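Structural overview
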Amino acid sequence: MYDPAQLRSFLAVAQTLGFTRAARRLGLRQSTVSQHVRRLEEAVGRPLFTRDTHSVELTEDGEAMLGFARRILEVHEQATAFFTGTRVRGRLRFGASEDFVLTRLPEILEGFRYEHPEVDLELTVELSGTLHEQLAAGKLDLVLAKRRPQDPAGEPVWHDRLVWIGAERLRLEPDRPVPLIVYPPPGITRALAFEALERQGRPWRVACTSGSLNGLIAAARAGLGVMAHSRGLIPPGLVRVPERAGLPELGQVDFVLVHGRHRPSAQPAADALATAILTGGDRLHHR
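In what follows, the accompanying structure is described.

Rules and cut-offs
- Residues numbered from 1 in each chain as written.
- Predicted model: local features only at pLDDT ≥ 70, side-chain atom pairs only at ≥ 80, totals over all residues.
- Heavy atoms only, no water.
- Helix = DSSP H or I, 4+ residues; strand = E, 2+ residues; numbered from the N terminus.
- Buried < 20%, exposed > 50% of the residue type's maximum accessible area, 1.4 Å probe, protein only.
- Contact = heavy atoms within 4.5 Å.
- Areas by Shrake-Rupley, 256 points an atom, 1.4 Å probe, with all protein chains shown as cover.
- Core = buried A, V, L, I, M, F, W, Y, C linked by side-chain atoms within 4.5 Å.
- Axes fitted to C-alpha atoms, helices over the stretch in contact; angles between N-to-C directions.
- Parallel < 35°, antiparallel > 145°, perpendicular 65-115°, else oblique.
- Left-handed = near helix turned anticlockwise from the far one by under 90°.
- Nonpolar A, V, L, I, M, F, W, Y, C, P; charged D, E, K, R; others polar.
- Arc of directions from axis to C-beta.
- Salt bridge = Lys/Arg side-chain N within 4 Å of Asp/Glu carboxyl O.

In this section: the overall build of the protein chain. Secondary structure summary: the protein chain contains nine helices and 11 strands in total. With respect to the principal axes defined by its C-alpha atoms, the protein chain has extents near 65 × 45 × 30 Å. Within the span of the protein chain, comprising 287 residues, buried residues form 48% of the whole. The long-range share in the protein chain, meaning contacts at least 24 apart out of those at least 6 apart in sequence, stands at 77%. When the accessible surface of the protein chain is split by element, carbon and sulfur atoms take 51% of a total near 14,400 Å².

Take the nonpolar core next. Core analysis: the biggest nonpolar cluster contains 44 residues, and Trp164 and Val226 have the highest contact counts within it. Looking at which element gives the most residues to this core, the answer is helix α9 (residues 267-279), with seven residues.

As a further point, take the packing of helix α1 (residues 4-16) against helix α4 (residues 60-84). With their axes 10 Å apart at the nearest point, α1 and α4 run at an angle of 130° to one another. Taken as axis vectors, α1 and α4 run oblique relative to one another. Viewed along their axes, α1 and α4 form a crossing whose handedness is left-handed. Packed against α1, whose contacting residues are Pro4, Leu7, Arg8, Phe10, Leu11 and Ala14, the element α4 presents Gly62, Met65, Leu66, Ala69, Arg70, Ile72, Leu73, His76 and Glu77 at the interface. Class assignment for the residues of the contact of α1 with α4 results in 10 nonpolar, two polar and three charged.

For helix α2 (residues 19-26), the set of buried residues is Phe19, Ala22, Ala23 and Arg25. The arc that holds the buried residues of α2, viewed along the axis, is 160°, so those residues lie on one side. At its buried positions, α2 is contacted by α1, α3 (30-44), β1 (49-51), β2 (56-58), β6 (155-166) and α9. Where α2 terminates, the next one or two residues include Gly27, which has phi positive at roughly 70°.

Attention now goes to the side chain of His116. By the element assignment, His116 lies in the loop between α5 (105-115) and β4 (119-126). Ignoring any residue separated from it by four or fewer positions in sequence, one finds His116 in contact with Val88 and Ala272.

As a further point, take the environment of Pro235. With respect to the secondary-structure elements, Pro235 resides in the loop between β9 (227-230) and β10 (239-240). The contacts of Pro235, once residues within four sequence positions are left out, are Leu102, Ile165, Ile217 and His229.

Right, let's talk about the pattern of salt bridges for a bit. All told, the structure shown has 10 salt bridges when counted by the stated rule. Between Arg89 and Glu118 there is a salt bridge, with the nearest N and O atoms lying 2.7 Å from each other. With Arg89 in the loop between α4 and β3 (90-97) and Glu118 in the loop between α5 and β4, the pair connects residues that are 29 residues apart, well separated along the chain. The partner of Asp141 in a salt bridge is Arg263, and the shortest N-O contact between them spans 2.6 Å. Of this pair, Asp141 sits in the loop between α6 (128-136) and β5 (142-146) while Arg263 sits in the loop between β11 (252-259) and α9, and the two are 122 residues apart along the sequence. Salt bridges sharing partners connect three or more residues here, namely Arg93, Asp141 and Arg263.

The linkage connecting Pro185 with the following residue, Pro186, adopts the cis geometry, with an omega of 5°. Counting through the fold element by element, Pro186 comes out in the loop between β7 (178-182) and α7 (188-200).

Orientation of α1 relative to α2, taken along the N-to-C sense of each, is 125°, at an axis distance of 8 Å. Looking at the two axes, α1 sits oblique to α2. Helix-helix and strand crossings are classified by hand; for α1 and α2 the assignment is right-handed. Residue-level inspection shows Arg8, Ser9, Ala12, Val13, Gln15 and Thr16 of α1 in contact with α2, the latter providing Phe19, Arg21, Ala22, Arg25 and Leu26.

And the structure:
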């Protein structure tokens, strides 16, 4: 038998790649999360993480445990809902960043709809910056998006690095401006790419602007330029730009869930969907 509390701590660490970030998400002390993971490792008899002072990574057994932990917790939640007789209902306006269009988010939403058929789920797919604005304006109840650098709010779903990506045959000329493929304002990766190049003192030009992820991917596959993107969400047909290109580091990015506060009646449904996403967060990025 595996303790659900230990499994939740394991999933949080696996998805955020940090014990401190996992503890913050769960509202626990870091020592408690560490203890949960240690006891789970004792229960399975194998290490689930390799960790040092700088990084936390899943072992092969940890990768296997991801699927088991998610399914165990899903069944646990189903049993709890069945025997307590709680029924979540009402209208839920959910916003998801376009970063998740090519992931398995639809599977999570399908499972949520099956478990909560009385919830009227409205999905909005937009830029992360736009979703944050709509949430603040009371137009959305729950948002899954990149965290804005100036905004500490939100429950971390996972932590990742931003990298430069482009077509495999793309070659950047060192004496010419870097051709950029970007979202329009208020795109978060757009601003981070500009800032990184300006800090390096490297000239750049916008080669393509599109509010659609598919538009950006098409431009990148055609070799029009490079784009800043999450390392765990690199679309098929694109690769990381080699270090020899000399592009600057882009830093880290957090993908978070942020709750709205304008409609308390939507809170139960928002909490239920947030739980489904946090439990299944490993399905939101490519491995």
